[in-house]
Amino acid sequence: MYDVCVIGAGVVGLNIARELAKYKLKLCVLEKEDDVSCGCSKANSGIVHGGYSDEPGILKAKLCIRGNRMYEKLNKELHFGYRRTGSLVLAFENEEISKLQQLYDRGIANGVEGLEILSSEEVLQKEPYVSKNIKAALYCENAGVTSPYEFAIALAENAINNGVDIKLQSEVVGINNANSYFEISLSNGKIITARYVVNAAGIYSDKIANMLEITEYTIMPRRGQYLLLDKEENYLTQSVIFQVPTPLGKGILVTTTYHGNLMIGPNAEEIEDKEDIGTDEKTLKYIVETARKSVPDFNIKKVLKSFAGNRPVANVTDWVIGESSVKRFINLIGIDSPGLTASPAIALEVKEVLQQAGLILEHNSQFISERKPIIKPKIDPFQGSIESTNPEKHIICRCEQVTEAEIVDCLQRGIPIRSLDAVSRRTRAGHGKCQGVFCGPRVKKLMAEQLHISIEDIKSKSNDSSLLAQRVKRIDLRNL
Ligand SMILES: Cc1cc2nc3c(=O)[nH]c(=O)nc-3n(C[C@H](O)[C@H](O)[C@H](O)COP(=O)(O)OP(=O)(O)OC[C@H]3O[C@@H](n4cnc5c(N)ncnc54)[C@H](O)[C@@H]3O)c2cc1C
């Protein structure tokens, strides 16, 4: 019998699990995929938002700001990768300047520090490669960039280290309320029992709520597509460059990611299929054109790949975080952007909700707050070679200088790893210029040796979809 069972190993569910591990509780996280962070925590902009976008008083605004302020410390403890870069919202027309003022006022009302409206000259001094056509911009000092899936992985590893059971390939297919506890049925035939359940299933949290006949929520996917460019293009921007937001979202941004690639996107399109994370040529062309309005000079021939993620947009205006009509069943519904930013604060909110619902929290003095990084800083880019026999210096991925020692390390951290993608997300092997053409077979060989499995058992992606891969392949990204 678990005290608390969290459904969903995205950045929200894992922040909750790690936060609760600070108390003497028996905890588990159930995840349908074969790795953590396979939902929208995997494919998003990776921006730690400043907190000026949402209306004062709503949960999104409150938790965004609280979450933003927690990143620095969390990154010191967990080493997932976070950098405060600042952000700019560009106005191209005089009429848009009043929109900047609205965002500024909203930010001040929300308690955001470090906001300033800059003239075009001041912006161009900060960011010389943005369009000369801008009229003004809203600068937010406190915005930053993070590596979203490494954040989730770090939380999961730390939670495991603190005794949390993370059960992968454990899709929840039914929940029975047995009055003082819940029986949670999994697709693999097992039944998990828990006194409290937290529904953090992202885009499927409506389906999970439905299992207890809570039928008032519907979640529709709103897809966002992106293009990722080579690190050679990252001289074009230091901060996150937004345009004035649209009713559907924050619009197309241009940013340098935590690991130094230039990234452009996302669009916002309502789609039917929650699993459809394909990209299409027409949308990618639109993204390129729109991004050029902000930063005209990127070289699209330097594109590495396209990808997409689906925002969990619910039929409610604010996030739902609270005990449902079913006692001890906590719902998290519609956690769209800025859910990544807010996720550590959402965990604190859920802890309070659980306490109010009767969960007794007794401090766990054994809690380990630190988690060691996987990726070692590469001070000297020539320190290793592909011939070296020393695992610390034996380079497996030339583009990102990933060593054998880093890959072996990522396989031994308590989360079973069976795909190339899972190794890439932890070490960056395959994330460079050649996109794994050189290192893919070498990583597979090393995985097979270390895990005592055959190379054929190693998949390319965690939630593999060959149909999707074919569709993406047909787009000639360099000619967009
Ligand atoms: C295009 C896009 C851009 C975004 N940009 C930003 C940004 O820059 N900054 C920001 O702050 N936020 C951003 N967001 C929002 C942010 O990504 C999300 O709010 C956050 O990732 C939500 O995390 P989650 O854990 O709730 O959901 P998820 O990561 O989707 O996790 C839910 C998990 O539940 C699992 N699950 C579902 N059903 C079941 C089941 N039946 N049984 C077991 N497991 C199940 C899923 O497999 C999944 O792993 C963006 C989102 C998108 C899509």
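In case you missed it, the structure is sitting above this.
What comes next concerns the included structure. (Residues numbered from 1 in each chain as written. Predicted model: local features only at pLDDT ≥ 70, side-chain atom pairs only at ≥ 80, totals over all residues. Heavy atoms only, no water.)

1. Side note on the overall build of the chain
Counted only if it meets this: A run of H or I in DSSP counts as a helix once it spans at least four residues, and a run of E counts as a strand once it spans at least two, with each numbered from the N terminus. C-alpha atoms define the radius of gyration, and 2.2 Å times the number of residues to the power 0.38 defines the globule rule. Here, residues are in contact when the closest pair of their heavy atoms is within 4.5 Å. Here the open area of atoms and residues is found with the Shrake-Rupley method and a 1.4 Å probe, where only the protein chains shown may cover a residue. Charge counting follows a simple rule: Lys and Arg are positive, Asp and Glu are negative, and His as well as the terminal groups are ignored. One atom stands in for each charge, and that atom is NZ of Lys, CZ of Arg, CG of Asp or CD of Glu.
A count of helices and strands for the chain gives 13 helices and 22 strands. Here the chain has a C-alpha radius of gyration of 22 Å; the compact-globule value for 480 residues is 23 Å, and the two agree. With respect to the three principal axes, the spread of C-alpha positions in the chain is 65 × 60 × 45 Å. Long-range contacts, defined here as pairs at least 24 residues apart, represent 75% of the contacts in the chain between residues at least 6 apart. A total of about 20400 Å² of accessible surface is found on the chain, and carbon and sulfur atoms cover 49% of it. Seen as two clouds, the 60 positive and the 61 negative side-chain charges of the chain have centres 3 Å apart.

2. Regarding the pairing of strand S19 (residues 320-323)
Let me state the cut-off plainly: Pairing between two strands is assigned when DSSP locates at least 2 bridges connecting them.
Strand direction decides the pairing type here: S19 and strand S20 (residues 329-333), joined by four bridges, are antiparallel. Opposite Ile321, over in S20, you have Leu332 as the bridge partner.

3. Comments concerning the nonpolar core
Here is the rule: Only buried residues count toward a nonpolar core, which is a set of Ala, Val, Leu, Ile, Met, Phe, Trp, Tyr and Cys residues joined through side-chain atoms within 4.5 Å. Buried residues are those whose accessible area, probed at 1.4 Å on protein chains only, stays under 20% of the maximum for their type, while exposed residues exceed 50% and partly exposed ones sit between those limits.
Counting 54 residues, the largest nonpolar core has Leu14, Ile16, Val36, Val198, Ile321, Leu332 and Ile346 as its most contacted members. The biggest single contributor to this core is helix H9 (residues 339-356), with eight residues. Counting 28 residues, the second largest nonpolar core, distinct from the first, contains Phe92, Ile264, Leu284 and Ile475.

4. Quick look at the layout of surface pockets
Here the idea is plain: a probe the size of a water molecule rolls over the atoms and shows the empty space left. As a reminder of what qualifies: In this analysis a 1.4 Å probe is tested at points of a 1 Å grid over the protein atoms alone, and where it fits but cannot get out there is a cavity; an open set with protein on both sides within 12 Å along at least five of seven lines is a pocket; lining residues have an atom within 4 Å of a point. Grid points are joined across faces, edges and corners, and a volume is the space filled by probe spheres set on the points.
Of the volumes computed, that of the second largest pocket is approximately 560 Å³. If you go around the second largest pocket, you meet 27 residues; those closest to its centre are Tyr258, His259, Ile375, Lys376 and Pro377. Counting only elements with at least two residues in the lining of the second largest pocket, the list comes to helix H6 (148-161) and helix H11 (420-427). Sorting elements by how many residues they give to the lining of the second largest pocket places H11 first, with three residues.

5. What about the packing of aromatic side chains?
Put simply, the rule reads: Only Phe, Tyr and Trp rings are paired, with Trp represented by its six-membered ring, and only when their centres lie within 6.5 Å; those with planes under 30 degrees apart are stacked, over 60 edge-to-face, the remainder tilted. Two limits define a charge over a ring: the Lys NZ or Arg CZ must be within 6 Å of the ring centre, and within 35 degrees of the ring normal.
Applying the stated rule across the entire model yields seven aromatic pairs. Plain terms: the ring middles of Tyr71 and Phe80 are 6.0 Å apart, the flat faces sit at 80° to each other, and that makes the pair edge-to-face. Both residues of the pair, Tyr71 and Phe80, count as buried. The positively charged end of Arg292 is found above the aromatic ring belonging to Phe298, 4.1 Å away from the centroid.

6. Points about unusual backbone geometry
Note that the residue after Gly265, namely Pro266, is joined by a cis bond; omega there is -5°. Inspection of the secondary structure puts Pro266 in the loop between strand S16 (262-265) and strand S17 (269-270). Ser337 connects to Pro338 through a cis peptide bond whose omega is 10°. Tracing the backbone shows Pro338 in the loop between S20 and H9. The backbone of Ser37 shows a phi angle near 55°, a positive value even though the residue is not glycine.

7. A look at the sheet that holds strand S4 (residues 82-84)
Reading across from one edge, S3-S8-S4 is the order of the three strands in this open sheet, with antiparallel pairing throughout. Two strands close off the open sheet at either side, each with one partner strand: strand S3 (47-48) and S4. Where S4 meets strand S8 (residues 144-146), three bridges bridge the pair, whose relative direction is antiparallel. Considered in S8, the bridge of Arg83 is made with Val145.

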